[in-house]
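# Commentary on secondary and tertiary structure
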Amino acid sequence: MGFPPQDSHSRAPFILAPSMAKSGPIRSKATSFLSESFLFICGTLVTILALGTLWSFLNPKPDPDFSSLSPFGDSLSCAAGAQSFNLTHDPPLPTFYDDPTLTYTIDKKITKWDEKRKQWLRHHPSFAAGVENRILLLSGSQPSPCKNPIGDHLLLRFFKNKVDYCRIHGCDVFYNNALLHPKMTTFWAKLPVVKAAMLAHPEAEWIWWVDSDALFTDMEFTLPLGRYKAHNLVVHGWAHLIYEKKSWVSLNAGVFLIRNCQWSMDFMDVWASMGPQTPNYDSWGKIQKSIFKDKMFPESDDQTALVYLLLKERDKWADKIYLEGEYYFEGYWSEIIGTLENITSKHVEIERGVRTLRRRHAEKVGEFYGVLREEYLVEAGNGRGSWRRPFITHFTGCQPCSGAHNQMYAGQSCWDGMNKALNFADNQVLRKYGFVHPSLLDSNSVNPLPYDSAA
């Protein structure tokens, strides 16, 4: 509620005419009449205000609604949603959801998905605007408790990290801990979740799978979606390792971005056909091991299956698959953890020279500072040896839930590395709340962040 405008009518009772401005011992009748009228009006106003004050005590009102002050009306309310989605109405017009033959399971094909999704968006126009950049992040873990005594705690912290990133950047997140196909366990469990998420979220253009043991270590960086405009699947990988070396680790399937479209539905059908729910599972394991000589275990796995499709069905799929190798779309933890202190020092050095980067700001405008920081990271490089914050750090081989880590490194190096990476990321979040972990190995302690302090 604002103050009334100070127009001429509101000022008139307090403006004296020239004749009234002259002082004298005798007043005219007109002057006397106006003065008495003025006193009567003032007395009436005082009485009204007194009664209004008494009424307010007898009938207290709720807190004022400040949404009317916003130029966006009530779009700031929680019910309206941050992106002004209409969450309270689902038109009765039929959509694919009303088809009794449709199933969410991985073993049933979906056809004409692009048309069905477009129809749903036409019926729900509030979700259509900006759909091309909308992301749903998925992650998950096993239904049962972890065998590693600290496993559940670590998974909780990994999940918190994903929630932090999504809150900062406005993407939705779904964490699944149910097996959507009883035979598709371990690394295969993700594909049924991805397919179900596509059907549950037609408003999302991209489904972003991030393994439970991977975390964001650059909380400002955003995916360069424009780079992937002509592609439907993005994975971290290297073409020469696929086509020349024929290595099963030529890419990593623990983090991938897949478009919500018919191409992806078809691709996942073929990808899943090498999984443990099929009668040819054992045969696929033998085929994979015969082609990829560096593969050590006999079972067919999702990562080798993906490499196989790129190698053997290149003409059919490769044009729509982007192998991202220019930044840490996901990075191997062992080569990252030892660089975190140096990266922190470099960013402190940058911020000491750039007042704007040290400025306190609301968490919601963090992307602005991420873009600004890029100007000072031109010389940082990317990947191994870079002092740019790694986007995603992936603890492949550490097995935080089971504790059955790869024997090529000690388990303590995994747990210490996770703590360092989690606190490194958490410091970027806590800073917006005025605190910071003084040591990357100490998750329990935080210090208040002084005003105008560098990271």
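Keep in mind the model is a prediction, meaning the values are calculated, not measured.

A separate point is the sheet that holds strand E8 (residues 331-332). Across the sheet, which stays open at both edges, the three strands sit in the order E4-E9-E8 with mixed pairing between neighbours. The sheet terminates laterally at strand E4 (214-216) and E8, the two strands that pair on one side only. Sheet topology note: the E8/strand E9 (residues 392-394) ladder contains two bridges and is parallel. Among the inter-strand pairings, Gly331 is bridged to a residue of E9, identified as Thr393.

This next bit is on the sheet that holds strand E7 (residues 321-324). To summarise the sheet geometry, strands pair through backbone hydrogen bonds and adopt either a parallel or an antiparallel arrangement. Read from one edge to the other, the open sheet built from six strands follows the order E2-E1-E3-E6-E5-E7, with strand pairing classed as mixed. With partners counted over all chains shown, the strands left at the sheet margins are strand E2 (172-176) and E7, one partner each. Averaged over all pairs of adjacent strands, the angle between their axes in this sheet comes to 25°, without regard to strand direction. Relative to E7, strand E5 (residues 233-237) runs parallel, the two being bridged by four bridges. Bridge pairing in E7 places Val234 opposite Tyr322.

Another point: the state of the cysteines. This model, assessed by the stated rule, comprises two disulfides. The disulfide partner of Cys146 is Cys401, and the gap between their sulfur atoms is 2.1 Å. Where Cys146 bonds to Cys401 through sulfur, the torsion about that S-S bond is close to -105°, and the disulfide is left-handed. Of the two residues, Cys146 is situated in the loop between strand E1 (135-140) and helix H5 (151-169) and Cys401 in the loop between E9 and helix H16 (411-430); the sequence distance between them amounts to 255 residues.

With that out of the way, let us pick up a nonpolar patch on the surface. A contiguous nonpolar patch, built from Tyr433, Phe435 and Val446 and spanning about 280 Å² of accessible area, is present on the exposed surface. With respect to the element layout, Val446 can be found in the loop between strand E10 (435-436) and strand E11 (447-448).

Moving on to the confidence of the model for the chain. Here the chain averages 86 in pLDDT, while 82% of its residues score no lower than 70. Scored below 50 in pLDDT, residues 1-42 makes eight contacts in the model with residues more than four places away or belonging to other chains. Low pLDDT (under 50) marks residues 48-82, which in the prediction has 10 contacts with non-local residues, meaning those over four places away or in another chain.

On to the side chain of Glu330, then. On the secondary structure map, Glu330 appears in the loop between E7 and E8. Buried charge without a partner: Glu330 forms no salt bridge, and the closest opposite charge is Arg384, 11 Å away. Among all residues touching Glu330, those that are not within four sequence positions of it are His236, Asn252, Val255, Ile392 and His394.

What follows concerns unusual backbone geometry. Here the phi dihedral of Thr186 falls at roughly 45°; this positive angle occurs in a residue that is not glycine. Here Thr186 shows up in the loop between E2 and helix H6 (190-200). With phi around 65°, Asp452 is a residue other than glycine that occupies positive phi space. Mapped onto the secondary structure, Asp452 falls in the segment after E11. A relative accessible area of 30% places Asp452 in the partly exposed class.

Reading guide: rules and limits
Sequence order sets the numbering: in each chain, residues are counted from 1 along the sequence as written. Totals for whole chains, interfaces and linings use every residue, but because this is a predicted model, local features are given only for residues with pLDDT of at least 70 and side-chain atom pairs only at 80 or more, for both listing and counting. Each side-chain value is derived from all of the structure's non-hydrogen atoms; neither hydrogens nor water enter the calculation. Strand pairing is assigned whenever DSSP identifies at least 2 bridges connecting the two strands. Think of it this way: any DSSP run of H or I at least four residues long counts as a helix, any run of E at least two long counts as a strand, and we number them from the N terminus. An axis is simply a line fitted to the C-alpha atoms; with a helix, the fit covers only the stretch in contact. Between two such axes, the angle follows the N-to-C directions and lies from 0 to 180 degrees. Two cysteine sulfurs form what is called a disulfide whenever their separation falls within 2.5 Å. Nonpolar side chains (Val, Leu, Ile, Met, Phe, Trp, Tyr) within 5 Å and like charges within 9 Å form the patches, drawn only from residues with over 30% relative accessible area and no salt bridge. Under the convention used here, a 1.4 Å probe and the Shrake-Rupley method define accessible areas, while residue burial counts only the protein chains that appear. Salt bridges are identified by distance alone: a Lys or Arg side-chain nitrogen within 4 Å of an Asp or Glu carboxyl oxygen. pLDDT is defined as a per-residue confidence score from the predictor, taking values between 0 and 100. Every residue pair with non-hydrogen atoms within 4.5 Å of one another is taken to be in contact. The classification of residues rests on relative accessible area computed with a 1.4 Å probe and restricted to protein chains. Under 20% of the type maximum is buried, over 50% is exposed, and intermediate values are partly exposed. In this tally, Asp and Glu contribute negative charge and Lys and Arg positive charge; neither His nor the terminal groups of the chain are included.

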